[in-house]
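Residue-level listing of the chains:
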Amino acid sequence: MTGNVTPLPVRGASQIGFERAELTRILDLYGRMVAAGHWKDYAIQLGQDAAVFAAFRRAAERPEFRIEKRPALRNRQGMWALVNESGAVLKRGHELGPVLAPVERRLMKLVED
(Lines give C-alpha, C1' and ligand atoms only; values in the text may rest on other atoms or scores of the structure.)
Protein backbone atom coordinates (compact mmCIF):
# COMPACT_ATOMS: atom_id res chain seq x y z
CA MET A 1 0.00 0.00 0.00
CA THR A 2 1.55 3.28 -1.07
CA GLY A 3 0.38 6.68 -0.05
CA ASN A 4 1.19 10.26 -0.59
CA VAL A 5 2.41 12.40 2.28
CA THR A 6 0.73 15.77 2.24
CA PRO A 7 2.50 18.47 4.28
CA LEU A 8 0.42 20.52 6.66
CA PRO A 9 -0.10 24.11 5.56
CA VAL A 10 2.28 26.59 7.16
CA ARG A 11 0.63 29.71 8.59
CA GLY A 12 2.73 32.82 8.97
CA ALA A 13 5.61 32.82 11.44
CA SER A 14 6.69 29.73 13.30
CA GLN A 15 6.00 29.12 16.96
CA ILE A 16 8.53 30.27 19.57
CA GLY A 17 9.64 27.59 22.03
CA PHE A 18 12.26 26.79 24.63
CA GLU A 19 15.41 24.90 23.74
CA ARG A 20 16.16 21.79 25.79
CA ALA A 21 18.93 23.45 27.86
CA GLU A 22 16.72 26.47 28.59
CA LEU A 23 13.78 24.35 29.69
CA THR A 24 16.08 22.15 31.80
CA ARG A 25 17.38 25.24 33.62
CA ILE A 26 13.88 26.61 34.22
CA LEU A 27 12.45 23.25 35.37
CA ASP A 28 15.41 22.74 37.71
CA LEU A 29 14.59 26.04 39.42
CA TYR A 30 10.89 25.12 39.46
CA GLY A 31 11.67 21.75 41.09
CA ARG A 32 13.74 23.38 43.81
CA MET A 33 10.96 25.92 44.51
CA VAL A 34 8.45 23.05 44.76
CA ALA A 35 10.77 21.18 47.14
CA ALA A 36 10.96 24.35 49.28
CA GLY A 37 7.15 24.33 49.40
CA HIS A 38 6.72 27.64 47.59
CA TRP A 39 5.44 26.79 44.09
CA LYS A 40 2.64 24.33 43.38
CA ASP A 41 1.95 24.50 39.64
CA TYR A 42 3.25 25.79 36.33
CA ALA A 43 2.04 26.50 32.80
CA ILE A 44 3.84 26.87 29.48
CA GLN A 45 2.47 29.02 26.68
CA LEU A 46 4.07 28.88 23.24
CA GLY A 47 3.09 31.53 20.73
CA GLN A 48 4.27 33.32 17.62
CA ASP A 49 5.83 36.22 19.58
CA ALA A 50 6.98 34.58 22.81
CA ALA A 51 7.38 31.46 24.89
CA VAL A 52 6.27 31.90 28.52
CA PHE A 53 6.85 29.72 31.60
CA ALA A 54 4.52 30.74 34.44
CA ALA A 55 5.01 29.54 38.05
CA PHE A 56 2.12 29.54 40.51
CA ARG A 57 1.94 29.40 44.30
CA ARG A 58 -1.60 28.02 43.95
CA ALA A 59 -3.33 26.83 40.79
CA ALA A 60 -6.26 29.25 41.14
CA GLU A 61 -4.35 32.54 41.03
CA ARG A 62 -2.16 34.62 38.76
CA PRO A 63 1.41 33.36 38.32
CA GLU A 64 3.91 34.65 40.86
CA PHE A 65 6.57 34.85 38.15
CA ARG A 66 6.64 34.57 34.38
CA ILE A 67 9.82 33.78 32.49
CA GLU A 68 9.41 35.12 28.96
CA LYS A 69 11.50 34.46 25.88
CA ARG A 70 10.95 37.03 23.12
CA PRO A 71 13.50 36.57 20.30
CA ALA A 72 12.34 39.80 18.60
CA LEU A 73 14.00 41.72 21.48
CA ARG A 74 17.31 39.85 21.13
CA ASN A 75 19.16 42.86 19.71
CA ARG A 76 17.58 45.40 22.05
CA GLN A 77 17.09 44.80 25.80
CA GLY A 78 17.56 41.05 25.52
CA MET A 79 15.12 38.27 24.75
CA TRP A 80 14.69 37.06 28.36
CA ALA A 81 12.46 38.75 30.93
CA LEU A 82 11.35 37.95 34.48
CA VAL A 83 7.87 39.37 35.11
CA ASN A 84 6.19 39.51 38.53
CA GLU A 85 2.57 38.90 39.50
CA SER A 86 1.47 42.46 38.75
CA GLY A 87 3.08 42.45 35.30
CA ALA A 88 6.16 44.54 36.10
CA VAL A 89 9.43 43.44 34.48
CA LEU A 90 11.86 42.66 37.31
CA LYS A 91 14.84 41.74 35.16
CA ARG A 92 15.61 41.66 31.45
CA GLY A 93 18.69 40.36 29.72
CA HIS A 94 20.43 38.50 26.93
CA GLU A 95 21.22 35.41 29.05
CA LEU A 96 18.78 33.22 31.02
CA GLY A 97 20.98 32.77 34.12
CA PRO A 98 21.17 36.41 35.24
CA VAL A 99 17.44 36.86 34.56
CA LEU A 100 16.67 33.97 36.94
CA ALA A 101 19.00 35.36 39.65
CA PRO A 102 16.29 37.20 41.65
CA VAL A 103 14.29 33.96 41.97
CA GLU A 104 17.47 32.04 42.88
CA ARG A 105 18.15 34.55 45.68
CA ARG A 106 14.58 34.18 46.90
CA LEU A 107 15.04 30.40 46.97
CA MET A 108 18.15 30.81 49.10
CA LYS A 109 16.15 32.89 51.61
CA LEU A 110 13.37 30.26 51.67
CA VAL A 111 15.86 27.46 52.36
CA GLU A 112 17.60 29.42 55.14
CA ASP A 113 14.35 30.08 57.04
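Please refer to the structure placed before this passage.
Residues numbered from 1 in each chain as written. Predicted model: local features only at pLDDT ≥ 70, side-chain atom pairs only at ≥ 80, totals over all residues. Heavy atoms only, no water.

(A) Representation of the packing of aromatic side chains within the structure. Applying the stated criterion across every chain yields a total of six aromatic pairs. With a centroid separation of 6.2 Å and 15° between ring planes, the pair formed by Phe 18 and Trp 80 is classed as stacked. Linking Phe 18 in the segment before α1 (20–35) with Trp 80 in strand β4 (residues 80–84), this pair joins segments that are 62 residues apart in sequence. In terms of burial, Phe 18 and Trp 80 fall into one category: buried. Ring geometry for Tyr 30 against Phe 53: centres 6.0 Å apart, planes inclined by 75°, an arrangement best described as edge-to-face. In this pair, Tyr 30 sits in helix α1 while Phe 53 sits in strand β2 (residues 51–56), placing the two residues 23 residues apart along the sequence. (Phe/Tyr/Trp six-rings, centres within 6.5 Å; stacked < 30°, edge-to-face > 60°. Helix = DSSP H or I, 4+ residues; strand = E, 2+ residues; numbered from the N terminus. Buried < 20%, exposed > 50% of the residue type's maximum accessible area, 1.4 Å probe, protein only.)

(B) Geometry of the pairing of strand β5 (residues 89–93). Bridge count for β4 against β5 is four bridges, and the pairing is antiparallel. When the sheet's bridge partners are listed, Ala 81 is paired in β5 with Arg 92. Between β4 and β5, which follow one another and run antiparallel, lie four residues, and Gly 87 among them has a positive phi close to 95°. (Pairing = 2+ DSSP bridges.)

(C) Looking closely at the sheet that holds strand β3 (residues 65–69). Spatial strand order, β1-β2-β3-β4-β5: five strands in an open sheet with antiparallel pairing. This sheet does not close on itself; its edge strands, each paired only once, are β1 (41–46) and β5. Along the sheet, successive strands turn relative to each other by an average axial angle of 15°, direction set aside. Here six bridges tie β1 to β2, and the two strands are oriented antiparallel to one another. Within the sheet, the bridge partner assigned to Gln 45 lies in β2 and is Val 52. (Axes fitted to C-alpha atoms, helices over the stretch in contact; angles between N-to-C directions.)

(D) Representation of the pattern of salt bridges in the model. Tallied over the full model, the rule gives eight salt bridges. With a closest N to O distance of 2.7 Å, Glu 85 and Arg 57 form a salt bridge. Remark: Arg 57 occurs in the loop between β2 and β3 and Glu 85 occurs in the loop between β4 and β5; sequence separation between them is 28 residues. For Arg 57, a relative accessible area of 23% puts it in the partly exposed group. Residues Glu 68 and Arg 70 are paired through a salt bridge, measuring 3.2 Å at the closest nitrogen-oxygen approach. (Salt bridge = Lys/Arg side-chain N within 4 Å of Asp/Glu carboxyl O.)

(E) The nonpolar core, seen in detail. Membership of the largest hydrophobic core comes to 20 residues, with the highest contact counts inside it found for Ile 26, Trp 39, Phe 53, Ile 67, Trp 80 and Val 103. At the level of elements, α1, β2, β3, β4 and α2 (96–112) are the ones that each hand at least two residues to this core. Among the elements that make up this core, the one with the highest residue count is α2 (five residues). (Core = buried A, V, L, I, M, F, W, Y, C linked by side-chain atoms within 4.5 Å.)

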